[in-house]
Amino acid sequence: MNYEKWIENGIKQLEDEFGQEKVKKSIEYVKNFEVEIPSWIFGNFGGGRFGNYTPPGYARNIYEKIDDACFVHKLTGCTPRIATHILWDFSINGIEPDYKIVKDVYEYAKEKGISLGAISPTYFLTGSHRGSFTCPDIKTRKRYIEQTIFGAEIAKKYGNKLLTLWFPDGSLYPGQIDLSESYKLMKKSLIESYEEIPKDVIVLIEYKLFEPGTYSTTISDWGTSYILAKALGKNAGVLIDLGHHPHGVNIEQIVSTLISENLHCGFHFNTRYAADDDHAVEPNPQIARIFYELVKGKVICNKEKKKNWAYMIDQASGRENRFHSILHSIDSLQISLARAVLVEEEKIKNLQNKDEIILANRTFNSAISLCDVRPIILKARLEKNLPLDPIKSYIESGYQKKIEVKRK
Ligand code: AFD
Ligand code: MN
Ligand code: MN
């Protein structure tokens, strides 16, 4: 395929429909967009319905995860930071974090050309069976509060001052716990932690409707995260994981409400089909609509960096090739962003004022669902001297073969 010709024709077509200004802005946004990749996508998950199957060549430790994340950044130019999990990545025994490992990993990542992004304390694994921040045993709560404060300190010193909190706390059956007690302990432990957290560290509280086998989760929806964030202070916000809602929830409305309330928030991007599937991101219309709210709210690709929300991928591909999977996610996010920028706001505003419902929807969808923005994505990659097709470049690079041999 003659890519240059294809790109030129495609850009021309988009300019005919949306105008040069919009297309230029869309290319700029794609060039500037950055998203964190999770360390956990590269490791092995073990267990599950495929037994211990993990794609060959998986990363056996945080250093190999960093190697893999670096290669993804080399191919995409938009993933300069890796999100890590304290007890998965910085602990020998899976119970206590190890400061020495953090420092060593920080140096290693810097040498390889990427940096640490969001730090997630690990509120699950050994010792969390009765909860973490809501555990009736104060010693357990204290251990997780200390880990949280530790996480904030390393987020400030070695990361990008971002702490992301996800709690699996809740219950398996009605009657098992006192629901309001659980919420009050969660709030108390969060406040206790926040008081010790450096004031320039952003704390994002993630919500989730359920875990397999739960009757209740203490932080089950965005409203709970919002109340808790407001109880903490101005550096606290809501973390929206796309797989954490009941089916049919209008996530775009949640996003626009949080933007209107000037809360500093963030995303864990993935695709869900049945539940919290942690699949690779697909460029579906809902994600483009979410990006439209972010672009309109000026919390993405804003030149005033502080205004930008935090953008992370949270996917765990136990079955497919994880490089193909994460590269697919990055491509899908770029496509969604490019579409969102093309939306003809003025035209839609006009139609809204005239109560032209279907015409407004069709105008909106001409950018969100119908147009092919791949020429914009490729133009952005061309201008950044990046591979036009990262997955194809990955396949041709020989990296997969190398890690399969090395990591036998
Ligand atoms: C699980 C949880 C949640 C969390 C992630 C990493 O559902 O999304 O953010 O693990 O800790 O996917
Ligand atoms: Mn998540
Ligand atoms: Mn999840």
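Located above this text is the structure these notes cover.
The shown structure was predicted, so the numbers you read here are calculated from the model rather than taken from an experiment.

Participant: If you had to explain the coordination of the manganese ion (ligand 3) to someone new, which residues and values would you point to?
Facilitator: Six octahedral donors around a metal ideally subtend angles of 90 or 180 degrees, whereas four tetrahedral donors ideally subtend 109.5 degrees. Binding of the manganese ion (ligand 3) to the protein goes through His244 (NE2) and Asp276 (OD), at separations of 2.3 to 2.5 Å. Separating the manganese ion (ligand 3) from the manganese ion (ligand 2) is a distance of 3.9 Å. With histidine 244 in the loop between strand S8 (236-241) and helix H9 (251-260) and aspartate 276 in the loop between strand S9 (266-269) and helix H10 (285-296), this residue pair connects regions lying 32 residues apart in the sequence. Look at aspartate 276 and you get buried, because its relative accessible area is 18%.

Participant: Account for the nonpolar core, with residues named and values stated.
Facilitator: Note that soluble globular proteins tend to have their nonpolar side chains buried in a common cluster. Within the largest apolar cluster, 112 residues are counted, with the highest numbers of intra-cluster contacts made by Ile240, Leu294 and Trp309. Counting residues per element, this core draws most heavily on helix H11 (residues 322-342), at 11 residues. Ignoring sequence-local partners within four residues, the contact set of tryptophan 309 consists of Ile240, Val255, Leu258, Ile259, Leu263, His264, Cys265, Gly266, Phe267, Leu294 and Val299. Formed by 9 residues, the second largest nonpolar core is a distinct cluster that contains Trp40, Leu162, Ile202 and Leu204.

Participant: How would you explain the pattern of salt bridges if you had to name every residue and give the values?
Facilitator: Summed over the entire model, instances satisfying the criterion amount to 26 salt bridges. As a salt-bridge pair, glutamate 28 and lysine 31 come within 3.7 Å of each other at their nearest N and O atoms. Taken together, the residues glutamate 28 and lysine 31, both in helix H2 (residues 20-32) and 3 residues apart, mark about one turn of the helix. The partly exposed category is assigned to glutamate 28, whose relative accessible area is 34%. Between aspartate 98 and lysine 100 there is a salt bridge whose closest N-O contact spans 3.6 Å. By relative accessible area, aspartate 98 is classed as buried at 17%. The network of salt bridges with common partners includes Glu28, Lys31, Lys379 and Glu383.

Participant: Which residues make up the site of ligand 1, and what are the values?
Facilitator: Inspection of the region around ligand 1 gives Trp40, His85, Trp166, Glu206, Lys208, Asp241, His244, His268, Asp276, Asp278 and Asp314 as its neighbouring residues. Histidine 244 places a polar side-chain atom, nitrogen or oxygen, 3.0 Å from an oxygen atom of ligand 1. In this structure, aspartate 278 approaches ligand 1 through a side-chain N or O atom, which is 3.2 Å from an oxygen atom. In isolation ligand 1 exposes 300 Å². Once the protein is present, 91% of that is buried. Residue composition of the shell around ligand 1, by class: 2 nonpolar, 3 polar and 6 charged.

Participant: Account for the packing of H2 against H11, with residues named and values stated.
Facilitator: It is the contact of H2 with H11, at a shortest axis distance of 9 Å, that shows an interaxial angle of 150°. Between H2 and H11, the angle is such that the two are roughly antiparallel. Handedness of the H2/H11 crossing: right-handed. Contact residues: Lys22, Val23, Lys25, Ser26, Tyr29 and Val30 in H2; Gln334, Leu337, Ala338, Val341 and Leu342 in H11. When its residues are assigned to classes, the contact of H2 with H11 shows 7 nonpolar, 2 polar and 2 charged.

Rules used throughout
- Residues numbered from 1 in each chain as written.
- Chains lettered and ligands numbered in written order.
- Predicted model: local features only at pLDDT ≥ 70, side-chain atom pairs only at ≥ 80, totals over all residues.
- Heavy atoms only, no water.
- Donors = N, O, S within 2.8 Å, 3.2 Å for Na, K, Ca; no water.
- Helix = DSSP H or I, 4+ residues; strand = E, 2+ residues; numbered from the N terminus.
- Buried < 20%, exposed > 50% of the residue type's maximum accessible area, 1.4 Å probe, protein only.
- Core = buried A, V, L, I, M, F, W, Y, C linked by side-chain atoms within 4.5 Å.
- Contact = heavy atoms within 4.5 Å.
- Salt bridge = Lys/Arg side-chain N within 4 Å of Asp/Glu carboxyl O.
- Near = heavy atom within 4 Å.
- Polar contact = N/O pair within 3.5 Å; in protein donor to acceptor, adjacent residues only side chain to side chain.
- Areas by Shrake-Rupley, 256 points an atom, 1.4 Å probe, with all protein chains shown as cover.
- Nonpolar A, V, L, I, M, F, W, Y, C, P; charged D, E, K, R; others polar.
- Axes fitted to C-alpha atoms, helices over the stretch in contact; angles between N-to-C directions.
- Parallel < 35°, antiparallel > 145°, perpendicular 65-115°, else oblique.
- Left-handed = near helix turned anticlockwise from the far one by under 90°.

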